[in-house]
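Report on the structure
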Amino acid sequence: MKQILFLFFILLVPYALAGQTNALFGFSSTAAAKEQDLENKFDQQLQAKNLDQWMKQLAMLPHHVGSAHGKANAEFIAAQFKSWGWETNIEEFQVLFPTPKLRVLEVVSPTPYKAKLTEKALKEDPSTSTPDMLPSFNCFSVDGDVTAEVVFVNYGLPADYDLLERYGIDVKGKIVISRYGGSWRGIKPKVAAEHGAIGCLIYSDPKDDGYGAGEVYPKGAFKNETGVQRGSVLDMPLAPGDPLTPGYGATKDAKRIDRKDAATLTKIPVLPISYEDAQPIFAAMGGPVAPAEWRGGLPLTYHLGPGPTKVHLKLEFNWELRPAYDVIAKLKGSEFPDQWVIRGNHHDAWVHGANDPISGLIAEMEEARVIGMMAKNGQGPKRTLIYCAWDAEEPGLLGSTEWVEAHADELKQKAVAYINSDSNGAGFLGAGGSNTLEKFFNQVARDVTDPQTQKSVLDRRNAANQVFYKQNSTDFKLEALGSGSDFTPFIQHLGIASLNIGFGGEDDGGEYHTIYDTYADYVRFKDNNFMYGIALAKVGGRTALRLANAEILPFDFQHFYETVRGYSDEVIRFADEQREKTEKENRLISEGVYGMVLNPRESIKAPKVLAETPHFNFAPILTALDKLEKAANHYQEMGDKTAANAAMINQVLMHLEQKLTLEQGLPKRPWFKHFIYAPGFYTGYGVKTLPGIREAIEQREFLEVDKQIANTAQVLNAFTAEVEKLGKLK
């Protein structure tokens, strides 16, 4: 769905036993030596030629949800898993997947123009002329037929509408045009509708990923003038998954709600367009000149509107149920078959999807091939491995969410952790996930060699951090998980510890969700010899194998405590800053001075006087964190965790992340139950840490803040009680 970028910037202390520089967290010295020998054999059997061959096969034709090649791909993947010795089945769900029936966009006045709404085929890349490609559209837009003046809303965030209000511009009854970026695309029509707009256009500005960034495809990697980013606009921060089966699996016989009652569909029609089709709209617009930070790369002066540009937007969709095929492959554990380590990557795409998602999927497949071969030779995992290839991720994490909802009770009992990947390319290792897995994952990164530098991928990541972010660290910190890929239902709905892994940073381009995401594009600009696909397989395979074979599951609490303490400090500081900012702006308004001059040549209205931000009682969360620190330190001081009580300790550890959830869920979106990490209500992909507290302050719902402090303290106290229990078991 989206290639996620990761920043790593907090110092950690690597785990090491005295005299054992290569000790493995969760393993005795004897078991560690055996595990490292196994991993060396694993590395030696990985073959880049398989990745190349599978990408050609899987990305040969369009394979969106319900397509013929999508089904063929699922069957091909399942056949491969079976041939490698995995017990494999395809689990089918029936999900709502609307596709375009009619798309019309035309400038009515002052200068008529009919949008092309097509991406040009290129002789240099035959895949761009493949039949049966989905046209450009935003999935889960509602039908609509609207005509109105246009207003430019920058990235379409709440703050952008606040600025427009200061210009005296109201979008009520208007069609807004927003550029991609700043937040997830689904936020743009959501916020537009909240402000009274009747339609939304989303365009790709050349400054961001077109000629303003570099040479365009096919000469270079960036978006040409006709490229359009497809994508879902389902309100995923409310809940991902099939909108007609909220909270339960979309099986064939599942009860479905009426579409008009589906809360996660957009309220207004929305359409993505190229910068070729956007330019005539902007060229005829009037109104104030846009602020400097809003201006893109088109060769014109950006105006805000409204008008005189008036456009007609008409959209109709085929609202059909389509089959989603999840490939589920199991390798039964020899000692702990009811403890599951789950690995996943989706297989569906908007068009060919060579980068998104096939680049990650083929690495996962190569992991499975080698692990299966080793199992046939008597070196199978101690815990059960479940390798998944999800369908219907692109429309809104449908395949993974429906599977998780359908198997929720069993997953809560048996799942140890979930390991996700999505797109992959050349560059630096990125990883996000549960901070209890931080120490463990640093060791994984330490033990994988970067194919370019021949240093560890951990060292290369740290070197990049020092250059780009001036961070001096011997390890990196797992980024908190927001959304945008298939880890979401595992960690944020069920509370299963999760990781999201991938390489990138030297694979920039503009092919994302266009017809240009092809094999030809990938091998030229992303990972031409699949060496970073092999690197991903080494990271993913090690992560899965170590979790499967560890004597004591490698969860750590000191880093978790330090991270959450940092989050609490941030949110307390944020509350203080909001209070000071409100007081200052209200004072300036009363004095006739507006806190910020946006464009001195335009008439700017004063912002509204805001209610003062009160002082909040953060004592419950601070007290909870003090208890957690003591429990985490005590557990660490107990020493080697390969103890006689291993079975009981592992039972506690594998369910510990669930203690960070509450069944009632977050305010206004009960599907999200994790109180430490969640996607932002107005960011979509972007994470909000301590989300209940932080968003109550952001949205100025001050009566809610103390409630959310109490809820967050409650989950931390429940988590701490389990850590204290562990200290008594050892």
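Residues numbered from 1 in each chain as written. Predicted model: local features only at pLDDT ≥ 70, side-chain atom pairs only at ≥ 80, totals over all residues. Heavy atoms only, no water.

A word on the pattern of salt bridges
The full count for this structure, using the stated rule, is 33 salt bridges. Here arginine 542 and glutamate 39 are joined by a salt bridge, their closest N and O atoms 3.2 Å apart. Pair noted here: arginine 542 is in helix H15 (residues 531-549) and glutamate 39 is in helix H1 (residues 29-45), with a separation of 503 residues, a long-range link. A salt bridge links arginine 694 to glutamate 570, with the shortest nitrogen-to-oxygen separation between them at 3.3 Å. Note that arginine 694 is positioned in helix H19 (residues 691-698) and glutamate 570 in helix H16 (residues 558-590), a separation of 124 residues in sequence. Take arginine 694: its relative accessible area is 11%, and that puts it in the buried class. Residue class for glutamate 570 comes out partly exposed when judged on its relative accessible area of 33%. Here the residues in one salt-bridge network are Glu39, Asp43, Arg446, Asp447, Arg542 and Arg546, joined through shared partners. (Salt bridge = Lys/Arg side-chain N within 4 Å of Asp/Glu carboxyl O. Helix = DSSP H or I, 4+ residues; strand = E, 2+ residues; numbered from the N terminus. Buried < 20%, exposed > 50% of the residue type's maximum accessible area, 1.4 Å probe, protein only.)

Things to note about the packing of aromatic side chains
Inspection of the entire model under this criterion finds 30 aromatic pairs. Look at phenylalanine 152 and phenylalanine 282: their rings are 5.0 Å apart centre to centre, the planes differ by 85°, and that puts the pair in the edge-to-face class. One end of the pair, phenylalanine 152, is in strand E5 (residues 144-152); the other, phenylalanine 282, is in helix H7 (residues 275-283), and 130 residues separate them in sequence. Each member of the pair, phenylalanine 152 together with phenylalanine 282, is buried. Here phenylalanine 681 and tyrosine 682 contribute two aromatic rings whose centre-to-centre distance is 5.2 Å and whose plane-to-plane angle is 85°, an arrangement assigned as edge-to-face. (Phe/Tyr/Trp six-rings, centres within 6.5 Å; stacked < 30°, edge-to-face > 60°.)

Thoughts on the state of the cysteines
Summed over the entire model, instances satisfying the criterion amount to 0 disulfides. The thiol sulfur of cysteine 139 is not disulfide-bonded, and the nearest other cysteine sulfur, from cysteine 200, lies at 15 Å. You can call cysteine 200 buried: its relative accessible area is 0%. (Disulfide = S-S within 2.5 Å.)

Let's talk about the sheet that holds strand E7 (residues 199-203)
Taken in spatial order, the 7 strands make up an open sheet running E3-E2-E10-E5-E6-E7-E9, and their pairing is mixed. The sheet terminates laterally at strand E3 (113-114) and strand E9 (270-273), the two strands that pair on one side only. Set on the sheet, helix H5 (residues 187-194) makes contact with strand E6 (175-179), E7 and E9; between it and E7 the angle comes to about 150°. (Pairing = 2+ DSSP bridges. Contact = heavy atoms within 4.5 Å. Axes fitted to C-alpha atoms, helices over the stretch in contact; angles between N-to-C directions.)

Observations regarding empty space enclosed by the protein
Under the counting rule described, the total for this entry stands at 5 cavities of 30 Å³ or more. In this structure, the largest cavity spans a volume of roughly 110 Å³. With 4 residues, H19 is the single largest residue contributor to the lining of the largest cavity. For the lining of the largest cavity, the per-class residue count stands at 5 nonpolar, 2 polar and 5 charged. Forming the walls of the second largest cavity are Ala415, Val416, Thr436, Ile496, Ala497, Phe555, Leu653, Met654, Leu656, Glu657 and Phe719. (1 Å grid on protein atoms, 1.4 Å probe; cavity = no way out; pocket = protein on both sides within 12 Å on 5 of 7 lines; lining within 4 Å. Points joined across faces, edges and corners; volume = space filled by probe spheres on them. Nonpolar A, V, L, I, M, F, W, Y, C, P; charged D, E, K, R; others polar.)

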